[in-house]
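# Fold and contact review
As a plain string of letters, each chain reads:
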Amino acid sequence: MVIAGPIDAYVTSLRRALRGPRSAKADLLAEARDGLTDAAEHYESTGLPRLAAERLAVSDFGPVADLAPEYQRELALTQARRTAVLVGTAVAAQSLVSELAWRREATSWTWQPDHLYTLLANTVDYAAYAVVAAALLAALACGIGARYVTVGRTFARATGIAAISVVAFFIAGSILLSAFSPAWTSHSGAGISAWHAVASALTMTLPVWMTVSGLRCVRAAAA
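### What about the side chain of S213?
Note on placement: S213 falls in helix α8 (residues 194-222). Not counting the four nearest positions on each side in its chain, S213 is found in contact with Q79, T83 and L86.

### Focus on helix α2 (residues 22-45)
For α2, built from 24 residues, the straight-helix expectation of 34 Å at 1.5 Å per residue is met to within 8% by its first-to-last C-alpha distance of 34 Å. Downstream of α2 by a residue or two, G47 has a phi angle that is positive, lying close to 115 degrees.

### Section: the nonpolar core
Counting 19 residues, the largest nonpolar core has I7, Y10, L14, L18, L36 and Y71 as its most contacted members. Elements supplying a minimum of two residues to this core: α1 (6-17), α2, α3 (50-61) and α4 (64-106). The element best represented in this core is α2, accounting for 6 residues. Excluding residues within four positions of it along the chain, Y71 makes contact with L14, L18, L28, A32 and F61. Judged by nonpolar contacts, the second largest core, of 16 residues, contains L86, V91, Y117 and A127.

### Quick look at a nonpolar patch on the surface
On the surface, L136, L137, L140, I144, Y148 and V149 cluster together into a nonpolar patch covering about 650 Å² of accessible area. Positionally, L137 belongs in helix α5 (residues 115-142). When its relative accessible area of 58% is taken as the criterion, L137 is described as exposed.

### Here's the deal with the pattern of salt bridges
Evaluation of the coordinates by the stated rule reveals 4 salt bridges. Its salt-bridge partner being R50, residue E54 comes within 3.1 Å of it at the nearest N-O pair. Here R50 and E54 lie together in helix α3, a separation of 4 residues that amounts to about one turn. E54 sits in the buried class, given a relative accessible area of 12%. Its salt-bridge partner being E70, residue R73 comes within 3.6 Å of it at the nearest N-O pair. You can see R73 and its partner E70 sitting in helix α4, 3 residues apart, about one turn around the helix. Relative accessible area serves as the criterion here: at 25%, R73 is assigned to the partly exposed category. Put simply, E44, R50 and E54 are held in one network by salt bridges that share partners.

### A word on a negative patch on the surface
Together, D27, E31, D34, D38, E41 and E74 make up a region of like negative charge exposed at the surface. When residues of the negative patch are assigned to their parent elements, the largest contribution, 5 residues, is made by α2. Checked against the element boundaries, E74 lands in helix α4.

Cut-offs applied
- Residues numbered from 1 in each chain as written.
- Predicted model: local features only at pLDDT ≥ 70, side-chain atom pairs only at ≥ 80, totals over all residues.
- Heavy atoms only, no water.
- Helix = DSSP H or I, 4+ residues; strand = E, 2+ residues; numbered from the N terminus.
- Contact = heavy atoms within 4.5 Å.
- Expected span 1.5 Å × (residues − 1).
- Core = buried A, V, L, I, M, F, W, Y, C linked by side-chain atoms within 4.5 Å.
- Buried < 20%, exposed > 50% of the residue type's maximum accessible area, 1.4 Å probe, protein only.
- Patch = residues over 30% accessible without salt bridge, like charges linked within 9 Å, V, L, I, M, F, W, Y side chains within 5 Å.
- Areas by Shrake-Rupley, 256 points an atom, 1.4 Å probe, with all protein chains shown as cover.
- Salt bridge = Lys/Arg side-chain N within 4 Å of Asp/Glu carboxyl O.
- Lys, Arg positive; Asp, Glu negative; His and termini not counted.
- Charge placed at Lys NZ, Arg CZ, Asp CG, Glu CD.

Structural data, given as structure tokens:
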């Protein structure tokens, strides 16, 4: 039976305390282990036994309970940045493909949207522009912008909740636009274009992806 040394035990405890993207978490844990190992080797070079050197290195590093919150903040912001980039990219892509599909399909329609339908469609369009811009700003704030503005786990949690809210809004908007458009509801499946097929695929897959990423944000911020 192999007994873990103080450094292994410390890193294991830190790993259990953290929640967030696997690659980012692995990098933080590797950084912590390297720092502990370097400190232990320094103490060992002064004549201390390896076990005592590791214990002293761990003691200098500080309790996991003191270190974990700052590491967790970094993980939460990493997840928030990924979520913001995903939401911005997904909404932009879905809006572009949907617009192209709409224009291609609309060439054969005789139906003209009324004022309320036009208002709803414009609201969804402008909301998409706003979401893409806000997502870009959030991604910058969680990345390089963190040097200039103070953001933390609360901001990461808000980013996750916003991502889930965006999904709910656009799903509702898509349902309403389809429900009140006789051109869409009467459209024959046999004549569906490639653009319409792509738009439908994005509508089904991207919301799930964004929701999962948003939930991960909330989880990382609450850990």
